[in-house]
Amino acid sequence: MTDIEKTETPANAEQTTASIPPARQRRSWIFHFLCVLVLLLLCCGLLLTWFVKTESGSRSLFALIDYVSLGSLKASGIQGSIGDDIQIDELLLKTPTLEIKASGVQLSWHPAALWHKQVLVDRLQASSLLVATASSNTPASLPTDLGLPFALQARELALGRLVVADILAGGKQKEVVTLTALKGSLQFVAQQYRAQLALSSPWGNANVTSATMASQRPFALKGNALLQGQVRADVPPVAAQLQVAGNLQELKLALQAQLQEKLITPAVSAEVEKKPVADKKISHLNGTASALIAPFDAQIFKSAHVDIQHFNPAAWASAAPEADLRLLADLRPKSEQNAQQKVAQKTQQKAPQNTEKNITKSTAKNIIQPASSNHVEGEISVTNAASGPLNRNAIPVRSVSASLNWQAAHLDFSNLVVQVESKGQLRGDASLDLQGAATRAHAQLSLTNIDLNQIDQRLHSTHIHGNAKVQTAANQTILTQAQLSDGKARLNTELSYDLNKVLLTLSKFELQAEDSRLDAKGEIA
């Protein structure tokens, strides 16, 4: 007997679905999900390709950025595509405190290098770039890291004109500096920036031959630059080598300048005795300067030293006398301790009869204010290796030395000593106020053994002693008071000289020699 197998058919569809294994159901859902995901990625890839590889897509991308940024970033005149070469007539980034405007932008790069975490730029150039910022009371702070998440290599960077400006109240802009013809390259490799740069400025040309900076704090920095320029057409050109070393916490600057100046034979009057001068005389001016600065400290300036040798005024102005000057300066921020000492000295000098208690109170009242960040003090000196009388077209001064106190536009020269020809000497104090349209000056001097014949050989020999006070007024007038003596002769005078009217006014002129006396007043035009 043969058994016949019978197949039973399910009664409904629910029974059929329930009979499908769970593993088969999961594979079906995964397949459909992957199909949707691939389709979505394909659409994104096509959209990205359209954005990057087509001109219309690049324009749409910048329009989307403009919309998302609420109008802060705008681009106009787009030609080409982001994925190849692109040109933008104007690119503008504007916020309440920052405005960056680039014109004539051209970019040629390799987007495929992004897959290897690299940004490779063949050429990036712009005809002009404006960078305007609003001032802030918040002090700048040193960042921790300036590194990039990718390697960078920009082979050719070029900018026709760079304008740096300040944003003033009301949205107006004030130009600070303008640089032209900027050209260079930039790399970021192994957590270090490397750059080269050449540019032109109102003061001359600069060529940064090499510059490196670490990307992490304290940002070790090293660089060399060659500066060449001519401030005015009538001023000899200057070549200087600048070296930078250190880091952004404490930066050392060293400058070495040289100038080969052809001496211009000065024009002298017929009355002046001409000194024999060769037809061609070359004076090699050279100088060095060094400074220590802390860009992110409250007191940025730390110290400076300047040494200029063989400076000849006649090489810079045809009417100036000849000289061989050496200028030395050592400057530093004015410390609170020095300020306190000087205030105490002035207090004691002005009121020696006061008790110690009153002096202490007066001193404390003046020294509780902290020293200003732009308050500089130091020593300066000038020596003249070719001093001589005025009638030989020379400067009758052998040396000048003083202690400098410089705050904002005001300069004080204390312990001023001027050694003139022979054994003459002037001592005292002087000050300059450079604020405003007119420069204000004041000097109070004591004169010792001044020989006029050594100053100008056409004058008689003298031994002048005395005191003199000279100051300038706002109306371009020089006021002078002097009490002088030469042997038995005495002179007490007050006079003023108006630079605009070229007028000398004698308010008092009292000259006495033994039994003779002369009193005079008047004007000399």
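Look above for the structure.
The notes below deal with the structure included here. (Residues numbered from 1 in each chain as written. Predicted model: local features only at pLDDT ≥ 70, side-chain atom pairs only at ≥ 80, totals over all residues. Heavy atoms only, no water.)

Turning to the overall build of the protein chain, a few remarks are in order. Scanning the protein chain from N- to C-terminus turns up six helices and 25 strands. By residue count, 25% of the 525 residues in the protein chain fall in the buried class. A separation threshold of at least 6 residues defines the contact pool for the protein chain, and within that pool the share at least 24 residues apart is 41%. Just so you have it, the protein chain exposes about 34,000 Å², and 58% of that area is on carbon and sulfur atoms. (Helix = DSSP H or I, 4+ residues; strand = E, 2+ residues; numbered from the N terminus. Buried < 20%, exposed > 50% of the residue type's maximum accessible area, 1.4 Å probe, protein only. Contact = heavy atoms within 4.5 Å. Areas by Shrake-Rupley, 256 points an atom, 1.4 Å probe, with all protein chains shown as cover.)

Another aspect to go through is the environment of L92. By the secondary structure assignment, L92 is in strand β2 (residues 85-95). Placed 37 residues apart in sequence, L92 and L129 show a C-alpha to C-alpha distance of 9.9 Å. Residues contacting L92, with those up to four places away along its chain left out, are S72, L73, K74, E99, I100 and K101.

Throughout the structure, instances matching the rule amount to 14 salt bridges. Across the salt bridge formed by E494 and K508, the nearest N and O atoms sit 3.9 Å from each other. Of this pair, E494 sits in strand β23 (residues 489-498) while K508 sits in strand β24 (residues 503-513), and the two are 14 residues apart along the sequence. By relative accessible area, K508 is classed as partly exposed at 26%. Two residues, D519 and R517, come together in a salt bridge whose shortest N-O distance is 3.3 Å. A relative accessible area of 49% places D519 in the partly exposed class. According to the relative accessible area criterion, R517 is exposed, its value standing at 52%. Three or more residues joined by partner-sharing salt bridges are found here, namely R332, E377 and E379. (Salt bridge = Lys/Arg side-chain N within 4 Å of Asp/Glu carboxyl O.)

In this structure, the second largest pocket occupies an estimated 660 Å³ of space. L157, A158, L159, L182 and L197 are the residues nearest the centre of the second largest pocket, which is lined by 27 residues in total. Looking at the lining of the second largest pocket, the elements that each hand over two or more residues are β2, β3 (98-110), β4 (118-126), β6 (151-167), β7 (173-189), β8 (192-201), β9 (204-214) and β10 (220-229). Element by element, the count of residues in the lining of the second largest pocket is highest for β7, at five residues. Considered class by class, the residues forming the lining of the second largest pocket number 22 nonpolar, four polar and one charged. (1 Å grid on protein atoms, 1.4 Å probe; cavity = no way out; pocket = protein on both sides within 12 Å on 5 of 7 lines; lining within 4 Å. Points joined across faces, edges and corners; volume = space filled by probe spheres on them. Nonpolar A, V, L, I, M, F, W, Y, C, P; charged D, E, K, R; others polar.)

Time to look at unusual backbone geometry. Here the bond from R217 into P218 is cis, since omega is 10°, no more than 30 degrees from zero. Along the chain, P218 turns up in the loop between β9 and β10. Its identity as a non-glycine residue notwithstanding, A408 has a phi of 55°, on the positive side. We classify A408 as exposed; its relative accessible area is 52%. Its identity as a non-glycine residue notwithstanding, S422 has a phi of 65°, on the positive side.

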